[in-house]
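Reading the structure
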Amino acid sequence: MEIDVRQFSSDKILKHLDRINEWLNGDNPPPITVELDMTNICNHKCHECSGWYFKNRSQDYLPKELAIDIVTQLEKVKTRGLIFTGGGEPLCNLSTPEVVLMAKKQGLDIGFITNGSLINDTNARVLLKSCTWIRISLDAANTITFKKVHGLESIAFDNVVNNIKLLVRLKTELKSNTTIGIGYLTSDYTINEMFDMTKFSKDLAVDYLQFRPIQIHNNGNSFYHKTDIKEILIKCIKESSDKFNVVYSKHKYDMMHIENYGHNYDKCYGHQFATVIAADGKMYVCCHTRGNEKYCIGDLRKNSFEEIWNSKQRKRVAGNIDFNDCIPLCRDNTFNQILWNIKQPREHVNFL
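This is a predicted model, so every value here is computed, not measured.

Conventions we followed
Residues numbered from 1 in each chain as written. Predicted model: local features only at pLDDT ≥ 70, side-chain atom pairs only at ≥ 80, totals over all residues. Heavy atoms only, no water. Salt bridge = Lys/Arg side-chain N within 4 Å of Asp/Glu carboxyl O. Helix = DSSP H or I, 4+ residues; strand = E, 2+ residues; numbered from the N terminus. Buried < 20%, exposed > 50% of the residue type's maximum accessible area, 1.4 Å probe, protein only. Contact = heavy atoms within 4.5 Å. 1 Å grid on protein atoms, 1.4 Å probe; cavity = no way out; pocket = protein on both sides within 12 Å on 5 of 7 lines; lining within 4 Å. Points joined across faces, edges and corners; volume = space filled by probe spheres on them. Nonpolar A, V, L, I, M, F, W, Y, C, P; charged D, E, K, R; others polar. Patch = residues over 30% accessible without salt bridge, like charges linked within 9 Å, V, L, I, M, F, W, Y side chains within 5 Å. Areas by Shrake-Rupley, 256 points an atom, 1.4 Å probe, with all protein chains shown as cover. Arc of directions from axis to C-beta. Pairing = 2+ DSSP bridges. Axes fitted to C-alpha atoms, helices over the stretch in contact; angles between N-to-C directions.

One pass over the full model with this rule turns up 16 salt bridges. A salt bridge links Asp18 to Arg80; its shortest N-O distance comes to 2.5 Å. Of this pair, Asp18 sits in helix H1 (residues 17-24) while Arg80 sits in the loop between helix H2 (64-76) and strand S2 (81-85); the two residues are 62 residues apart in sequence, bridging distant segments of the chain. Across the salt bridge formed by Lys202 and Glu239, the nearest N and O atoms sit 3.5 Å from each other. Of this pair, Lys202 sits in helix H7 (residues 194-204) while Glu239 sits in the loop between helix H8 (230-237) and strand S9 (245-248), placing them 37 residues apart in sequence. The class of Glu239 is buried, set by a relative accessible area of 16%. Look at the salt bridges and you will find they share partners, linking Glu35, Asp37, Arg290 and Arg331 into a network.

For the rest of this paragraph, the subject is the environment of Val34. The topology assignment puts Val34 in strand S1 (residues 33-37). Among the residues examined, Val34 registers a relative accessible area of 0% and is labelled buried. Residues Val34 and Leu74 lie 40 residues apart in sequence; the distance between their C-alpha atoms is 8.4 Å. Not counting the four nearest positions on each side in its chain, Val34 is found in contact with Leu74, Thr79, Gly81, Leu82, Ile83, Thr275, Ile277 and Phe305.

Taken as a whole, the second largest pocket spans an internal volume of roughly 530 Å³. Surrounding the second largest pocket, 22 residues form its lining, His271, Gln272, Lys315, Ala318 and Gly319 being those nearest its centre. Top contributing element to the lining of the second largest pocket by residue count: helix H11 (residues 312-319), with five residues. Class assignment for the residues of the lining of the second largest pocket results in seven nonpolar, eight polar and seven charged.

To continue, consider a nonpolar patch on the surface. Together, Leu14, Leu17, Leu24 and Ile342 line one region of the surface with nonpolar side chains, adding up to about 300 Å² of accessible area. Tracing the backbone shows Leu24 in helix H1. Overall, the relative accessible area of 33% leaves Leu24 in the partly exposed class.

The next point concerns the side chain of Ser95. You can see Ser95 is positioned in the loop between S2 and helix H3 (96-105). Among the residues examined, Ser95 registers a relative accessible area of 17% and is labelled buried. Not counting chain neighbours up to four residues away, the residues in contact with Ser95 comprise Met38 and Lys64.

Residues spaced three or four apart along an α-helix face the same direction, because each turn holds 3.6 residues. For H1, every residue scored as buried is listed here: Arg19, Ile20 and Trp23. Mapping the buried residues of H1 onto a view down its axis gives an arc of 100°, with all of them on the same face. Of the surrounding elements, those touching the buried residues of H1 are helix H12 (333-343). One or two steps after H1, the chain reaches Gly26, where phi turns positive at roughly 90°.

Our focus in this paragraph is the sheet that holds strand S6 (residues 208-213). An order of S9-S6-S5-S4-S3-S2-S1-S10-S11-S12 is seen for the 10 strands of this open sheet, with the pairing classed as mixed. The open sheet has two edge strands with one neighbour each: S9 and strand S12 (296-299). Strand after strand, the sheet turns through a mean of 25° between neighbouring axes, direction not considered. In this structure, S1 lies alongside strand S10 (residues 274-277), joined through four bridges in parallel fashion. Opposite Thr33, over in S10, you have Ala274 as the bridge partner. In the packing of H2 onto the sheet, the strands contacted are S1, S2 and S10, and the crossing angle to S1 comes to about 180°.

Here it is as structure tokens:
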């Protein structure tokens, strides 16, 4: 059975050939996607949090005025996608809904990643009117697994589930086109519940369930499960319908079983097309390096986005990326494979 991963395929970077061509010609195009951390504060206790691989999370949060200024700058440089994520839980910053609404008015395409605990009628309406997609990091089909992953008791799980139901109900009421999805990290203690999660998500009437392998990165020491879950995935995908999709990060699962994780490249080129702005206003070379000063490319409290993007500091940091600091299945891994191949000289290019 052929598994369709739909919108999560990494070759979607090829939808931005104008930016790729600028880069190939030696220019410095702005990023396609920017991740924005509204806060580092989180009300969950995930001991394997993927938001902070270097384990030095602070209590920073972006003041509303600075966040709005950043969004204005992103629109000015023609960033295309803006993801509100963390860091921490975006809705722990009370200014987040207002900033989301402002970003929508600026014409940015918006994604929103949340643990779902602080969704209410008011902010749900803002998100459903503003976001292209919302993904709730639930990671569990029951209270026992939820406690293992999120570190909270059953009342917290029930709260998140009820908030998902609220989102689904309001989406219908508002006639919103926002895609609502649930995220599920697969690990040694969650893979046996993948099918239960599929049925549970389908019953919640969300648009999709996404599986991704959990990864831990403690200063170079990485972990993820190595179990081949293709047969489980096939069983789960059979539950897909016209109104519900089961998707997964195919490239990551494939690379888990390939020597050197598909690192056929000598340089990271993906940083050119995606970056992250942390809750303290600092920018980092990628989402996996937030909090690591070695990979800080600038500070938006001191310089503009455009100044940082064109700075010597960013060029120096990008030119000194040490793959030993990177998780094997990083966000840019498959982008780098594509970009590396494009960058290499070829003979007889007009003969396909």
